[in-house]
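Okay, here's what each chain looks like letter by letter:
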Amino acid sequence: MQPFDRDKEHFFVIGINRAYIMRYIDHVSTGTIHGTIAEPREVFRNAIHLGASCIILAHNHPSGSLIPSRQDIKVTKELVEAGKILKIEVVDHVIVSSEGYYSFSDEGEINQEE
């Protein structure tokens, strides 16, 4: 694996089972300093293939800001909805930076209810 370029956004998916035991970590995409792409088919590919029942989304903010962008919020909502269709729960979306982390779940931003 190439060195992690901290000046670019990276999007990861962590696949877990119902007991929250990690099944895999997938580096889905590398973007620019301003963003990266998280296509549903790429995000859920390994969850389907490897039988993960839940996933955690994670990406970094090179700027250091922990405030989710409009795109972060939009992508999170879209992936939660896609997960509902696939019956693969999106447990959390975590943003990490040099300042710490932001958890959509901790902030009540992940809604699994119909």
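Residues numbered from 1 in each chain as written. Predicted model: local features only at pLDDT ≥ 70, side-chain atom pairs only at ≥ 80, totals over all residues. Heavy atoms only, no water.

Another point: the pattern of salt bridges. Counted under the stated rule, the structure contains four salt bridges. Salt-bridge contacts for Arg 18 lead to Glu 89; the nearest nitrogen and oxygen are separated by 3.1 Å. Placement of the pair is Arg 18 in the loop between β1 (10-16) and β2 (22-30) and Glu 89 in strand β4 (residues 89-97), with a sequence separation of 71 residues. With relative accessibility at 55%, the residue Arg 18 sits in the exposed group. Note that Arg 45 and Glu 42 form a salt bridge whose closest N and O atoms lie 2.4 Å from each other. Here the residue Arg 45 and the residue Glu 42 both occupy positions in helix α1 (residues 40-50), the gap between them amounting to three residues, near one helical turn. (Salt bridge = Lys/Arg side-chain N within 4 Å of Asp/Glu carboxyl O. Helix = DSSP H or I, 4+ residues; strand = E, 2+ residues; numbered from the N terminus. Buried < 20%, exposed > 50% of the residue type's maximum accessible area, 1.4 Å probe, protein only.)

Turning our eyes to something else, we now look at the environment of Thr 36. Relative to the elements of secondary structure, Thr 36 occurs in the loop between β2 and α1. Each C-alpha atom, one on Thr 36 and one on Ile 67, is 16 Å from the other, the two residues being 31 residues apart in sequence. If we skip the residues at most four places from it in the chain, Thr 36 touches Glu 9, His 10, Phe 11, Ser 29, Thr 30 and Gly 31. (Contact = heavy atoms within 4.5 Å.)

Generally speaking, a soluble globular protein has its nonpolar side chains buried in company with each other. Counting residues in each nonpolar core, the largest one holds 21 residues, and the members touching the most others are Phe 11, Val 13, Val 43, Phe 44, Ile 55, Leu 57 and Leu 79. Counting residues per element, the ones that place at least two in this core are β1, β2, α1, β3 (54-60), α2 (70-86) and β4. (Core = buried A, V, L, I, M, F, W, Y, C linked by side-chain atoms within 4.5 Å.)

In this section: a nonpolar patch on the surface. On the surface, a nonpolar cluster with roughly 320 Å² of combined accessible area is contributed by Ile 48, Ile 85 and Leu 86. The residue Ile 48 is located in helix α1 in this model. Looking at Ile 48, the relative accessible area reads 53%, which means it is exposed. (Patch = residues over 30% accessible without salt bridge, like charges linked within 9 Å, V, L, I, M, F, W, Y side chains within 5 Å. Areas by Shrake-Rupley, 256 points an atom, 1.4 Å probe, with all protein chains shown as cover.)

So, on to the sheet that holds β4. On the basis of which strands lie adjacent, the open sheet formed by five strands has the order β2-β1-β3-β4-β5 and mixed pairing. With partners counted over all chains shown, the strands left at the sheet margins are β2 and β5 (100-103), one partner each. Mean inter-strand twist for the sheet, computed between neighbouring axes without regard to direction, equals 20°. Across the sheet, α1 lies against β1, β2, β3 and β4, angled at about 155° from β2, the strand it touches most. In the packing of α2 onto the sheet, the strands contacted are β1, β3 and β4, and the crossing angle to β4 comes to about 160°. (Pairing = 2+ DSSP bridges. Axes fitted to C-alpha atoms, helices over the stretch in contact; angles between N-to-C directions.)

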